[in-house]
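# Summary of structural features
One-letter residues, chain by chain:
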Amino acid sequence: MRRPILAANWKMHKTAAEALDFAYAFAPRVDGATHADVVVAPPFTALDRIGRVFAGHGIALAAQNVSPEAEGAFTGEVSARMLVDLGCRYAIVGHSERRTLFGETDALVARKAAALLAAGIRPIVCVGETLEQREAGRTFEVLSAQVEGSLAQVPRERAEDLVLAYEPVWAIGTGRTATPAIAQEAHAFLRTRLVARFAGSAERIRIQYGGSVKPENVYDLMAQADIDGALVGGASLDPVAFARIVRFEAEKGASR
Ligand code: PEP
């Protein structure tokens, strides 16, 4: 049985003061939610401030990016050790926005994941096909290559620290969610790739779905056998909506 993991990806939204307002509104709403890991990834600038609030509520802090380098003359970069210092337990790597807007390759994502694991932070590694790739029938081929490349430096004994996020690019920020059946098909395929790479540990690796998740669709997605969590962009900016997503069991029937 894999423990559900619901994570917020705020992207480049909220000042530190706005993030603090969110933290005060959100934390009491998920107090006592022991069924799942709850993770929030604000911009770097808000990590310290909201981390202090979340610490008392069992909410884990995550970064949205990390440098593959440990230290040195890398202007503008933030190392894994700096994230540990601020209390980060997770970090997102390989998000499609970083792949497409900032030219990040699987090889770079692999180095970032390795840097995180070495520092004791769990990487949330994102993979997903574009609409063009899906329509060309290349979804599995693309996912396979991303998993191979992005997880190339994850040692088998650390596989369980990994979280994989399936984020079909056509569903991110578009309001167009993959149906539970489409998402499950991709997750089941990803599980076979994880088994090929990590053997027995693969059954314990959590695979999140990301792409226009909201309170109305989270229950049906989470009901799928290989969907172990959600990575949420837009809906996670609202403390009430994200708290409903965290308590996804209570949303049963919301889409009907
Ligand atoms: C994301 O960016 O990780 C994401 C899933 O965004 P949204 O929920 O807004 O589609």
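Within each chain, residue numbers correspond to sequence positions counted from 1 in written order. Residue-level local features of this predicted model are given only where pLDDT is at least 70; pairs of side-chain atoms are given and counted only at 80 or more, and the full residue set underlies all totals for whole chains, interfaces and linings. Computation of side-chain values covers all heavy atoms of the structure but excludes hydrogens and water.

### Focus: the layout of surface pockets
Over the atoms, a rolling probe the size of a water molecule traces out where space has been left empty. Just so we agree on the cut-off: A pocket, in this scheme, is an open set of points on a 1 Å grid over the protein atoms alone with protein on both sides within 12 Å along at least 5 of 7 lines, while a cavity is a set where a 1.4 Å probe fits but cannot get out; residues line either one if an atom lies within 4 Å of a point. Grid points are joined across faces, edges and corners, and a volume is the space filled by probe spheres set on the points. Helix and strand definitions follow DSSP, with helices as H or I runs of at least four residues and strands as E runs of at least two, each counted in order from the N terminus. Any residue outside Ala, Val, Leu, Ile, Met, Phe, Trp, Tyr, Cys, Pro, Asp, Glu, Lys and Arg is labelled polar, Gly included; the first ten of those are nonpolar and the last four are charged.
Taken as a whole, the largest pocket encloses approximately 440 Å³ of empty space. Forming the walls of the largest pocket are 15 residues, and the residues nearest its centre are K11, M12, Q64, R98 and F102. Ranked by the residues each element gives to the lining of the largest pocket, the list is headed by helix α4 (residues 96–101), at three residues. Counted by class, the lining of the largest pocket contains seven nonpolar, five polar and three charged residues. As a volume, the second largest pocket reaches approximately 210 Å³. What lines the second largest pocket is simply M1, R2, P4, Y219, M222, A223, Q224, A225, I227, D228, F248 and E249. When its residues are assigned to classes, the lining of the second largest pocket shows eight nonpolar, one polar and three charged.

### Quick look at the side chain of E129
The line we're drawing: Any N or O atom pair separated by 3.5 Å or less is treated as a polar contact, with the protein-specific requirement of one donor-capable and one acceptor-capable atom, and with residues adjacent in sequence counted only for side-chain atom pairs. Residues count as neighbours in contact if any of their non-hydrogen atoms are within 4.5 Å of one another.
Within the fold, E129 resides in the loop between β5 (122–127) and α6 (131–135). Of note is the side chain of E129, whose polar atom sits 2.9 Å from the side chain of W170. What E129 contacts, discounting residues up to four positions off in sequence, is R134, T139, V142, L143, Y166, P168, V169 and W170.

### Side note on the side chain of K112
Threshold: Here's how the labels work: a residue is buried when its accessible area is under 20% of the maximum for its type, exposed when over 50%, partly exposed in between, all with a 1.4 Å probe on protein chains only.
Tracing the backbone shows K112 in helix α5 (residues 106–119). Overall, K112 belongs to the buried group, its relative accessible area being 3%. Apart from the residues within four sequence positions on either side, K112 is in contact with N65, V66, P68, V93, R98 and E104.

### So, the packing of helix α7 (residues 139–150) against helix α8 (residues 180–198)
Rules: Where helices are involved, their axes are fitted lines through C-alpha atoms of the stretch in contact, as for all axes, and angles between N-to-C directions lie from 0 to 180°. An angle counts as roughly parallel when it lies under 35 degrees, as roughly antiparallel when it exceeds 145, as roughly perpendicular when it falls between 65 and 115, and as oblique in every other case. In this scheme the handedness of a crossing depends on how the near helix is turned from the far one: anticlockwise by less than a right angle means left-handed, clockwise means right-handed.
Two elements in contact, α7 and α8, have axes whose closest approach is 10 Å; the angle formed by their N-to-C orientations is 40 degrees. When the axis of α7 is compared with that of α8, the two are oblique. Handedness of the α7/α8 crossing: right-handed. On α8, the residues touching F140, L143, S144, V147 and E148 of α7 are E185, A186, F189, L190, R193 and R197. Split by residue class, the contact of α7 with α8 holds six nonpolar, one polar and four charged.

That's the geometry; what it means functionally is another story.
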